[in-house]
Amino acid sequence: MRQHRGEILEAVVRRSGYSLKFLADRLGISRNTLYNRFKEHDLSYDFILQVGGIIHYDFTYEYPEIKTTFSLAKNQHAAELWRLEQKYRRLPERYNKLLSFLVKTANDYYLDKLKQEV
């Protein structure tokens with residue numbers, strides 16, 4: 001008889017060296033809830049991937065169907081991450097422009113209080 005998803009997940013987690021308390025804390029659930037999840041036959045791939053992200057383990061060996069099921073979602077997440085990274089990189093540049101504008105405005109209009117705050 002083949003092991004169910006929860007049993008496979010539990011075996012991998014126990015071999016990983018991460019404590020169940022650490023994993024439960026990172027997942028935002030109690031250890032009892034984690035134990036109950038290990039008992040689920042049809043544990044969701046979302047949960048399995050979430051655990052894999054925390055323990056740095058690729059579950060596609062145990063579940064090859066994950067590759068096809070989640071490849072599109074992974075590409076969408078990668079694209080969103082790239083967009084956020086680009087926004088983050090532009091943020092200091094925009095901040096410096098704003099700061100320069102405020103200093104220039106304070107100097108042009110002799111706003112000493114604004115100069116002090118900037």
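Residues numbered from 1 in each chain as written. Predicted model: local features only at pLDDT ≥ 70, side-chain atom pairs only at ≥ 80, totals over all residues. Heavy atoms only, no water.

Novice: Would you mind going over the pattern of salt bridges with me for this structure?
Specialist: When their charged atoms lie close together, side chains carrying opposite charge are able to pair. Under the counting rule described, the total for this entry stands at five salt bridges. Note that K21 and D25 form a salt bridge whose closest N and O atoms lie 3.1 Å from each other. One end of the pair, K21, and the other, D25, are both in helix α2 (residues 20-27), four residues apart, so they sit about a helical turn from each other. (Salt bridge = Lys/Arg side-chain N within 4 Å of Asp/Glu carboxyl O. Helix = DSSP H or I, 4+ residues; strand = E, 2+ residues; numbered from the N terminus.)

Novice: Got a minute to help me understand the environment of R89 in this structure?
Specialist: Looking at the secondary structure, you find R89 in helix α5 (residues 65-108). Looking at R89, the relative accessible area reads 55%, which means it is exposed. Reaching out from R89, the side chain makes a polar contact with the side chain of E85 at a distance of 2.6 Å. (Buried < 20%, exposed > 50% of the residue type's maximum accessible area, 1.4 Å probe, protein only. Polar contact = N/O pair within 3.5 Å; in protein donor to acceptor, adjacent residues only side chain to side chain.)

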